[in-house]
Amino acid sequence: MVVISLGTNLGNRLDNLNKAVSLMKHRCLSNLEESIILETEAIVPDNAPSDWNKPYLNMIIKGKTTLSPRELLSQLKSIEGEIGRPKFYDRWSPRIIDLDILFYNNFTIKEPDLIIPHPEIKNRPFFIHLLKLMGINLNYSIQNAENSFIKSYILDPQLVGIINITEDSFSDGGKYYNIDKILSQINYLNEAGASIIELGAQSTRNGAIIQSPDVELSKLEEVLNQALPIINENKIKISIDTFRPEIALKLIQKYPIYLINDVKGSFDDNSLKEILKSQCNFCCTHSLSAPVDNQVIPIDTDPILYVKKWGEKFINRIENLGFSSEQLILDPGIGFGKNSYQSIYIIKNIKKLKQLNCQIMVGHSRKSYISSFFVENNAMNRDIETLAISQVLANNIDFLRVHNIEAHMRALVASKITK
């Protein structure tokens, strides 16, 4: 058994960890098991510059390797460099990623640049805490473990935080219509653990007022112009929720957009080619209409197979345009052209979409299908049900698109440590 520690306190910290774990899976480790993530205060000397005092995200992974300890160390250094860590740096300075071998089977190694077990384990209570939470037996003791960290997170599934810049969205329409509130919410979602923050300026609920493209674009541009310093400083991944290709194409030319979420599934090939050129990722949602109307999948059809066939056709089309599976996300479109029974059936059988071999996102948060089993007309009061359903989905998809990021992170952390 090999145990590696990961730490980061620069840029998009969750993304840094995700990249490092992904690269280790492909290059040097198998049978990976991930810990939860703990945010901890930086350890810096008394005379360190003030900007070094940035909190870290720390986690550990255990797995197997065919590499020798020296070969493994070389791979870890290579991965650090690929993610952006410079070869030379001040010992206590902030870093984009830090990878260390804590244990390598039962080996004891004492060399100038490689000491196993890692000599600082006993001085890092959060490492001991993470190891014990993973069930790794140690001779180290720890007291007051709850004082060793500030917050906790999980790496998978990734959470997509929703901000509706609208007056009439079904859940939080009008709540984020003021620019200061929107900027505050972007900060809040980022700190709560959203891997992606999605902005939408056109409601897709049944009966929504259709704004002109100019109005939709103007709202999004106003927010992006004001939010750019926050986005750039924290390397926040921004998604745009729209069913208008012209909106997407204008925004990707001016702003660092990470993802376009086509909530109608109707972008033409030329628009998709332009998105590909920009190196932007693309999510396509299965929908019979947007805004939603009363159309539904035929009731004599298996809804998950219906969506799967649509997905196969779309993937074939978009891969022929040049997209890779890493750039593509599919959303089965809960509530978009599905009645409550069909939406619930899709959720229960979501694992079948894994056969599509692409990333899957589910946007089920607070939607009306919940009213089929719990009477609550106010969508903002459906978070408990949303959380319960997220627990069912979590192991079978890549992204959960939800409103309440903080509650989801807390619930998913609890689930992970009790598996």
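A brief look at the structure comes next. (Residues numbered from 1 in each chain as written. Predicted model: local features only at pLDDT ≥ 70, side-chain atom pairs only at ≥ 80, totals over all residues. Heavy atoms only, no water.)

**Notes on the overall build of the chain**
Heads up, the condition is: Strands are runs of DSSP state E lasting at least two residues, helices are runs of H or I lasting at least four, and both sets are numbered from the N terminus onward. Just to be clear, the radius of gyration here is over C-alpha atoms, and the globule rule we use is 2.2 Å times residues to the power 0.38. A simple rule labels every residue: compare its accessible area, found with a 1.4 Å probe on the protein chains alone, to the largest value its type can have, and call it buried under 20%, exposed over 50%, or partly exposed in between. Note on contacts: a residue pair is in contact if any heavy atoms of the two residues lie within 4.5 Å. For the accessible areas, the method is Shrake-Rupley and the probe is 1.4 Å, while residue cover comes only from the protein chains on display. In this tally, Asp and Glu contribute negative charge and Lys and Arg positive charge; neither His nor the terminal groups of the chain are included. By convention, the point assigned to a charge is CZ for Arg, NZ for Lys, CD for Glu and CG for Asp.
Within the chain, the secondary structure is distributed over 11 helices and 16 strands. Relative to a compact globule of 419 residues, whose C-alpha radius of gyration would be 22 Å, the chain shows 23 Å and is just as compact. When its C-alpha atoms are laid out on the principal axes, the chain stretches across 70 × 45 × 45 Å. Classification of the 419 residues of the chain by burial places 55% in the buried group. Restricting the contact set of the chain to residue pairs at least 6 apart, pairs at least 24 apart contribute 69%. In the form shown here, the chain has an accessible surface area of approximately 19500 Å², with 48% of it arising from carbon and sulfur atoms. Across the chain, the centroid of the 46 positively charged side chains sits 4 Å from that of the 47 negatively charged ones.

**Observations regarding the environment of Ala414**
The residue Ala414 is located in helix α11 (residues 405–417) in this model. Judged by relative accessible area, which is 38%, Ala414 ranks as partly exposed.

**Quick word on unusual backbone geometry**
The amide bond that connects Ile116 to the next residue, Pro117, takes the cis arrangement and shows omega of -5°. Relative to the elements of secondary structure, Pro117 occurs in the loop between β7 (114–116) and α3 (125–133). Following Asp156, the chain continues into Pro157 via a peptide bond in cis, with omega recorded as -5°. By the element assignment, Pro157 lies in the loop between β8 (151–153) and β9 (158–164). Phi is positive for Asn105, which is not a glycine, with a value near 50°. Relative to the assigned elements, Asn105 resides in the loop between β5 (98–104) and β6 (109–111).

**Looking at the packing of aromatic side chains**
One pair of aromatic rings is described through two measures. These are the centre distance and the angle between the planes. Let me state the cut-off plainly: Aromatic pairs are defined between Phe, Tyr and Trp rings, using the six-membered ring for Trp, whenever the two ring centres lie within 6.5 Å; interplanar angles under 30 degrees are classed as stacked, those over 60 as edge-to-face, and all others as tilted. Over a ring means this: the NZ of a Lys or the CZ of an Arg is within 6 Å of the ring centre and within 35 degrees of the ring normal.
Evaluated as defined, the whole model comprises 7 aromatic pairs. Ring geometry for Trp310 and Phe314: centres 6.2 Å apart, planes at 15°, overall stacked. Remark: Phe314 and Trp310 occur in helix α8 (residues 303–320); sequence separation between them is 4 residues, near one turn of the helix. Owing to a relative accessible area of 7%, Phe314 belongs among the buried residues under this scheme. Feature note: the residues Phe267, Phe282, Trp310, Phe314 and Phe323 constitute an aromatic cluster, connected by ring pairs. When the ring centre of Phe243 is taken as origin, the NZ or CZ atom of Lys264, which lies over that ring, is 5.7 Å away.

**As for empty space enclosed by the protein**
Spelled out, the test is: Throughout, the protein atoms alone are placed on a 1 Å grid, and a set of points is a cavity if a 1.4 Å probe fits but cannot get out or a pocket if it is open with protein on both sides within 12 Å along at least five of seven lines; lining residues have an atom within 4 Å of a point. Grid points are joined across faces, edges and corners, and a volume is the space filled by probe spheres set on the points.
One pass over the full model with this rule turns up 1 cavity of 30 Å³ or more. Computed from the structure, the largest cavity encloses a volume of approximately 30 Å³. The wall of the largest cavity is formed by Leu14, Asn18, Ile154, Leu155, Pro157, Gln158, Leu159, Gly193, Ser195 and Met409. Sorting the residues of the lining of the largest cavity by element identifies α1 (13–27) and β9 as the ones contributing at least two each.

**Concerning the environment of Thr108**
The topology assignment puts Thr108 in the loop between β5 and β6. Between the C-alpha atoms of Thr108 and His118, which are 10 residues apart in sequence, the distance is 9.5 Å. The residues contacting Thr108, other than those within four sequence positions of it, are Ile116 and Pro117.

**Side note on the sheet that holds strand β13 (residues 281–285)**
The condition that has to hold: Following DSSP output, two strands are said to pair if at least two bridges run between them. Each axis is a line fitted through C-alpha atoms, taken for helices only over the stretch in contact, and angles between the N-to-C directions span 0 to 180 degrees.
Reading around the barrel, the 8 strands line up as β9-β10-β11-β12-β13-β14-β15-β16 and close back on themselves, with parallel pairing between neighbours. Averaged over all pairs of adjacent strands, the angle between strand axes in this sheet comes to 25°, irrespective of strand direction. Pairing of β9 with strand β16 (residues 399–402) involves 4 bridges; the strand directions are parallel. Across the sheet, Gln158 pairs through a bridge with Phe399, a residue of β16. On the sheet, α11 packs against β9 and β16 and is oriented at approximately 165° with respect to β9.

**Examining the nonpolar core**
Short version of the rule: Here the nonpolar core consists of buried residues drawn from Ala, Val, Leu, Ile, Met, Phe, Trp, Tyr and Cys, with membership extended through side-chain atoms lying within 4.5 Å.
Formed by 115 residues in total, the largest nonpolar core has its most connected members in Met24, Ile186, Ile257, Ile260 and Phe282. In terms of residue count, helix α5 (residues 213–234) provides more of this core than any other element does, 7 residues in total. When sequence neighbours within four positions are dropped, the list of residues in contact with Met24 reads Ile4, Leu6, Leu29, Ile61, Leu76, Ile79 and Leu99. Of all hydrophobic cores here, the second largest spans 7 residues; its members include Val160, Cys283, Ile329 and Met361.

**Let's talk about the pattern of salt bridges**
Applied cut-off: Throughout this description, the term salt bridge denotes a Lys or Arg side-chain nitrogen within 4 Å of a carboxyl oxygen of Asp or Glu.
Scanning the model with the defined rule gives 21 salt bridges in all. Across the pair Asp113 and Arg70 runs a salt bridge, and its minimum N-O distance is 2.8 Å. One end of the pair, Asp113, is in the loop between β6 and β7; the other, Arg70, is in helix α2 (residues 69–83), and 43 residues separate them in sequence. Exposure remark for Arg70: the relative accessible area of 36% places this residue in the partly exposed category. Because the salt bridges share partners, they merge into one network encompassing Lys77, Glu80, Arg85, Arg95 and Asp98.

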